[in-house]
Every structure is written in structure tokens, then in C-alpha cells.
Amino acid sequence: MTAQIIVVTSGKGGVGKTTTSASLATGLAMAGKKVAVIDFDVGLRNLDLIMGCERRVVYDFVNVVHGEATLKQALIKDKRHENLFVLAASQTRDKDALTQEGVEKVLEGLSGDGFDFVVCDSPAGIEKGAHLAMYFADQAVVVVNPEVSSVRDSDRILGLLASKTRRAERGDGAITQHLLLTRYNPTRVAAGEMLSVKDVEEILGLSVIGVIPESENVLAASNAGVPVILDDNSVAGQAYGDTVARILGEERPLRFTDVVKKGFFQRVFGS
């Protein structure tokens, strides 16, 4: 069986791609799958920080692409889940260090090692690293904030996913595309300051696979080097858990999309 390759992508930066990649990979591993998560953002490298393994990076993705290290040398086993592995990006190379042949070799190596899923954490936009992250994908999770500029930029990414991938070139059928709404705030949606789930779905012509509410826990988890999906008390963590379940074919209702009505005592005495 070959690994399912999921690219996590977006039109603009700062929407929560790396947070999403870390939580999706961790959630899939928690479901018993063997998972590798790869940082395609050559020159920046944030995934290892969010996964809490930055001090253990010896070899990186570019080293493997250029034959300077093997996959086994470069893959870092997660300290919480033995079936989850991280392949860090290089901080010292430029974006041209990745090649299509090299990326294909790495992905084939992971498939050959029995991985069920490979999550590719893409850089934002449409440059080379982003193109290579999506080129071999079977599924794409397009991360969008509920604001007009983010949605417009994501529309361009959807066009590339439909035309600039190996599946598109071979006529093998379209990549399965999912929308993931992040930093969703139902109160601001109700006030007309943010687009609603329905607005975004109608503009982009895709259904959402998850809605991640705005939450301070996301930043706190990132700073602690812990994927937020591991925080059971966080609404964002719970929403990522729902998203992973849907990727695995389970049906779950969308949560955290409506304004929470205050009870009588909250209205009288405050929260």
C-alpha cells in the first residue's frame, strides 16, 4: 500500500498552516496510522519548533534530497507517539535546494517504509517549495482565514491544485480538496466583521472539513512545542480532532461555529 500524501497549503502566510500540519499529523498518529510530516519551508523551518523536536535536528529534508543523509538518519521520531516522524526543513539552504526528483525519491522511500500518511507542510503562496509540496499530493487541505484577502488568495491555490500537479498532468483524477477555516470567531461573523462558513464555501465552491475557532491555546501550545490537538481542554484542539476524524471518513457535526449564548447568571454577574 502506498502512503496517502496530504499537502497543507494556503494562498497567504500566517493563516495557521504549520499549526495545522502538526495537529493533523499528530491526530492521524493517535488514530493508529504511521505518519511522517515534512517541512517544505526551506530557509525558515518552524515545524520542528511546533512539534517540540528542534534540538534533535541533525539532518534535514534537503540533506536527504541531495543524498547527504538517509531517510532513517533524518527522520525524527516524535517523543509522544512512536508511529509519528518529523522531517525538518533546512535553515541554511535557499528554496532552489529542493528538486522534483529528490522530493519524489523521499516520498517513495516513505511509502516503501510502510507509512500510511505523509503530511506536507507547504510554504505560503506559489513559489517553488509550495509547488513541490502540492505536486505529488493525493489530498489537499487549504487553510483559509474567514477574510476576503485570504479567501481570494486561496482561490488561486485551488486553480493550481487542479492544473499543476502530477495527477492533473496524468489525467489521474483531481486531488481531493478540503477547506479548513482557521481563527474563526462566531461573534465577529455575527457582527459582519468576518465571513461565515457558508460565505467561504460559496465563494470557493468547496465544503469545509473543519472549522478551528480563534483560541489563545494555539499560541500557547506552539510556544510549548506541543501540537494543540493534544490539549483536550482547548476548543481548537477538539476542532482539530474532529477534522482528523473527517479525513479518516467519519461524519461529525461542525462545532464552535455559533455564538455561545450567555446564561442568566452570566448576563447578570458577567462571565
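Whatever comes next refers back to the structure up there.
Attention now moves to the nonpolar core. Of all hydrophobic cores here, the largest spans 51 residues; its most connected members are I38, F40, F61, L87, V106, L110 and L161. Counting 35 residues, the second-largest nonpolar core is a separate cluster that includes V57, I229, Y240 and V244.

Moving on, we come to the side chain of T165. Residue placement: T165 occurs in the loop between α7 (148-163) and α8 (166-170). Among all residues touching T165, those that are not within four sequence positions of it are M134, Y135, L160 and I175.

Strand β7 (residues 176-184) sits mainly inside the fold: 7 of its 9 residues count as buried. Here strand β6 (residues 139-144) runs beside β7; their pairing, made up of 6 bridges, is parallel. By the bridge assignment for β7, V142 is matched with L179. As paired strands, β7 and strand β8 (residues 208-213) are joined by 4 bridges and run parallel to one another. Following the sheet pairing, L179 is matched in β8 by V208.

Applying the stated rule across the entire model yields 11 salt bridges. For R167, the salt bridge goes to D138, with nearest N and O atoms at 3.2 Å. A residue pair is termed long-range when its members are at least 10 positions apart, and R167 in helix α8 and D138 in the loop between α6 (128-135) and β6 qualify at 29 residues. You can call R167 partly exposed: its relative accessible area is 25%.

Criteria and thresholds
- Residues numbered from 1 in each chain as written.
- Predicted model: local features only at pLDDT ≥ 70, side-chain atom pairs only at ≥ 80, totals over all residues.
- Heavy atoms only, no water.
- Core = buried A, V, L, I, M, F, W, Y, C linked by side-chain atoms within 4.5 Å.
- Buried < 20%, exposed > 50% of the residue type's maximum accessible area, 1.4 Å probe, protein only.
- Helix = DSSP H or I, 4+ residues; strand = E, 2+ residues; numbered from the N terminus.
- Contact = heavy atoms within 4.5 Å.
- Pairing = 2+ DSSP bridges.
- Salt bridge = Lys/Arg side-chain N within 4 Å of Asp/Glu carboxyl O.

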